[in-house]
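Residue strings, one per chain:
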Amino acid sequence: MLRLTDFIIDCPDTMKLAAFYSEVTGLPVKEGSNEHWAGIRFGDIELAFIQVEDYRAPQWPDSEHPKQFHLDFEVDDIEAEELRVLALGATSQRDCIGPNGYGFRVYTDPIGHPFCLCRNKGVVWTDQGPVWPERDQ
């Protein structure tokens, strides 16, 4: 049996990057986090940040230092969320929103990791979060 427990992001300053994603997600940085390892709990999975020496940010889409991952966040109001993440220190990289208002926008966090704000057609927002449409098998 296999269970995903952590998604770990390399960075030069764990607490600074954890604070950024804490503000983005509205979830607290886990108690006991420190300069070597910091985390944010998402149910059974922890988004974790680990300090590495000589950190080099990915240069996406360039392949010299390619991205190794990116995070997608489904949003109900992409314009409002964009303003919020930019104010938190994100940098806009690419806009892939179609004329119908659906698609995604690419950003980088304060140390260069890419992430996207997404608005997918058919997603309905409830008090418990997004409900995804049935997908064809």
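On a predicted model such as this, the values are computed, not experimentally measured, just so you know.

Parameters at a glance
- Residues numbered from 1 in each chain as written.
- Predicted model: local features only at pLDDT ≥ 70, side-chain atom pairs only at ≥ 80, totals over all residues.
- Heavy atoms only, no water.
- Core = buried A, V, L, I, M, F, W, Y, C linked by side-chain atoms within 4.5 Å.
- Buried < 20%, exposed > 50% of the residue type's maximum accessible area, 1.4 Å probe, protein only.
- Helix = DSSP H or I, 4+ residues; strand = E, 2+ residues; numbered from the N terminus.
- Domains from an automatic or database assignment.
- Contact = heavy atoms within 4.5 Å.
- Buried area = accessible area lost by both parts, 1.4 Å probe.
- Pairing = 2+ DSSP bridges.
- Axes fitted to C-alpha atoms, helices over the stretch in contact; angles between N-to-C directions.

S.K.: In this structure, what is going on with the nonpolar core? I would like to understand it.
M.R.: Tyr21, Phe49, Leu71, Phe115 and Leu117 are the most contacted members of the largest nonpolar core, which has 21 residues in total. Only strand 1 (6-11), helix 1 (14-25), strand 2 (37-42), strand 3 (45-51), strand 4 (71-74), helix 2 (78-88) and strand 7 (114-119) provide two or more residues apiece to this core. For this core, the element with the most residues is helix 1, which contributes 5 residues. Mapping this core onto the domain boundaries places at least three of its residues in each of domain 1 (1-50) and domain 2 (63-131). Apart from the residues lying within four places of it in its own chain, the contact partners of Leu71 are Phe7, Ile9, Tyr21, Leu47, Pro114, Phe115 and Cys116.

S.K.: What's the story with the environment of Cys96 in this structure? I'm lost.
M.R.: Mapping Cys96 onto the fold places it in strand 5 (residues 91-97). Counting along the chain gives 10 residues from Cys96 to Val106, while the straight-line C-alpha distance between them is 7.9 Å. Setting aside chain neighbours within four positions, we find Cys96 in contact with Tyr102, Gly103, Phe104 and Arg105.

S.K.: What's the story with the domain arrangement of the protein in this structure? I'm lost.
M.R.: Often, the extent of an interface is quoted as the loss of accessible area on bringing the components together. By the assigned domains, the protein splits into domain 1 (1-50) and domain 2 (63-131). Averaged C-alpha coordinates put domain 1 and domain 2 at centres separated by 19 Å. In this complex, domain 1 contributes 12 residues to the contact, which on the side of domain 2 involves 13 residues. Both sides together, the interface formed by domain 1 and domain 2 hides about 1,100 Å², and carbon and sulfur atoms give 80% of it.

S.K.: Quick question: what am I supposed to make of the sheet that holds strand 3 here?
M.R.: As a general point, the strands of a sheet are linked pairwise by backbone hydrogen bonds and lie either parallel or antiparallel. With respect to topology, 3 strands assemble into an open sheet ordered 1-3-2, the strand pairing being mixed. Edge strands, defined here as strands with exactly one partner in the open sheet, are strand 1 and strand 2. For this sheet, the mean angle separating the axes of adjacent strands, direction not counted, is 20°. Where helix 1 meets the sheet, its contacts fall on strand 1, strand 2 and strand 3, and the angle it forms with strand 2 comes to roughly 15°.

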